[in-house]
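Structural overview for review
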Amino acid sequence: MQKIGKYEFIAEPFHCDFSGRMFLGHLGNQMLNAADFHSTDRGFGMKYLMTINRSWVLSRLAIEVNEMPTQYEHFTIETWVESAMRFFTSRNFCVTNGNGHICVYGRSIWAMIDTETRQPTDIYSIDNAAIKNWIVDDRPCPIEKGGRVRMSENVELVKTIQVTYNDIDINGHVNSVKYIEHVLDLWDIAWYGKHRLKRFEIAYVAESHYGDLLDFYLEQTDESEYCVRLAKTEVPTGNQVEVCRCKLLFVQ
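In short, a report on the structure. (Residues numbered from 1 in each chain as written. Predicted model: local features only at pLDDT ≥ 70, side-chain atom pairs only at ≥ 80, totals over all residues. Heavy atoms only, no water.)

1. Quick look at the pairing of strand 4 (residues 88-97)
The buried fraction of strand 4 amounts to nine of the 10 residues, a majority that puts the element mostly inside the structure. The sheet contact formed by strand 3 (residues 74-84) and strand 4 spans nine bridges and is antiparallel. The partner of Ala-84 across the bridge, within strand 4, is Thr-89. Between strand 3 and strand 4, which pair antiparallel one after the other, the connecting turn spans three residues. Examined bridge by bridge, strand 4 and strand 5 (residues 102-114) share nine bridges and lie antiparallel to one another. Along strand 5, the bridge assignment pairs Ser-90 with Ile-109. Hairpin connection from strand 4 to strand 5: four residues lie between these consecutive antiparallel strands, with Gly-100 at a positive phi of about 85°. (Buried < 20%, exposed > 50% of the residue type's maximum accessible area, 1.4 Å probe, protein only. Helix = DSSP H or I, 4+ residues; strand = E, 2+ residues; numbered from the N terminus. Pairing = 2+ DSSP bridges.)

Quick look at the structure:
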């Protein structure tokens, strides 16, 4: 079995936006599917981990877009483990279209948690650290790693939503990609008619769950760069806990 996994997908029409190109959220889901296929085939995927009360959770994700797959287009996602430490592992992605052109690169960092305590657990404890056997050190990913998203204290609250049924995944918390979709909805369709998302970074800080109220704080940090902070309001204390931060770069 090869260290790099390669998986075929199709840009189904109901996964595409008004321009006929895939929604970033749907592409993100397929990238996470490829990660699960890859890890499952090699013995450290969710199917096995759930039997021992373990699970992968996404800690950071950076996606850089050259062009998005178009409606009905077949595309390929390659994914590989770049490094592994005791509590975190990094995984990269490369998306190519039917013509072999590179559409998207992605970088991600994952932690393994105990599903009962919700605390990080030792990745090396799985199959005698077998994940080390799958590290690829000769396939660079050319995009920058996600950095710290810096925002000022006085940022604008632009939206509040309540977490509902469709936001929750198998781990019982808000799905990683749902945050991305909710953030992208902060801009209207007219904006997307004139701008294209070039890069999206997200760093996850805390979990949110069904019924939580999520506040979205937006700050423009450069001409085409925006940062977003999500915080949940705890009930009944009313205290706010930061959930994640994002950085977005648009081009015209």
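2. Considering the nonpolar core
Leu-24, Trp-56, Tyr-179, Val-183, Phe-200, Ile-202 and Leu-248 are the most contacted members of the largest nonpolar core, which totals 59 residues. Counting residues per element, this core draws most heavily on helix 1 (residues 24-41), at six residues. Once residues lying within four places of it in the same chain are set aside, the contact partners of Phe-200 are Leu-24, Leu-61, Ala-62, Ile-63, Ile-180, Val-183, Leu-184, Cys-246, Lys-247 and Leu-248. (Core = buried A, V, L, I, M, F, W, Y, C linked by side-chain atoms within 4.5 Å. Contact = heavy atoms within 4.5 Å.)

3. Things to note about unusual backbone geometry
Despite not being glycine, Arg-118 has its phi angle at roughly 65°, a positive value. Mapped onto the fold, Arg-118 is located in the loop between strand 5 and strand 6 (156-162). Given the relative accessible area of 25%, Arg-118 is considered partly exposed. Within the chain, Ala-129 stands out as a residue other than glycine whose phi angle is a positive 60°. Within the secondary structure, Ala-129 is located in the loop between strand 5 and strand 6.

4. A short note on the environment of Ile-189
Here Ile-189 shows up in helix 4 (residues 189-194). Here the alpha-carbon distance between Ile-189 and Phe-18, two residues 171 residues apart in the chain, equals 8.7 Å.

5. Here we look at the environment of Leu-186
Relative to the assigned elements, Leu-186 resides in the loop between helix 3 (176-184) and helix 4. A C-alpha to C-alpha distance of 8.8 Å links Leu-186 and Leu-218, two positions 32 residues apart in sequence. Contacts of Leu-186, omitting those with residues within four sequence positions, involve Val-158, Lys-159, Phe-216 and Val-228.

6. A word on the packing of helix 1 against helix 3
Viewed as axis vectors pointing N to C, helix 1 and helix 3 meet at an angle of 165°, and their least axial separation amounts to 9 Å. The pairing of helix 1 with helix 3 is recorded here as roughly antiparallel in orientation. Seen along the crossing, helix 1 lies across helix 3 with a hand that is right-handed. Touching Leu-24, Gly-25, His-26, Gly-28, Asn-29 and Leu-32 of helix 1 are Ser-176, Val-177, Ile-180, Glu-181 and Leu-184, all from helix 3. A breakdown of the residues in the contact of helix 1 with helix 3 according to their chemical character gives five nonpolar, five polar and one charged. (Axes fitted to C-alpha atoms, helices over the stretch in contact; angles between N-to-C directions. Parallel < 35°, antiparallel > 145°, perpendicular 65-115°, else oblique. Left-handed = near helix turned anticlockwise from the far one by under 90°. Nonpolar A, V, L, I, M, F, W, Y, C, P; charged D, E, K, R; others polar.)

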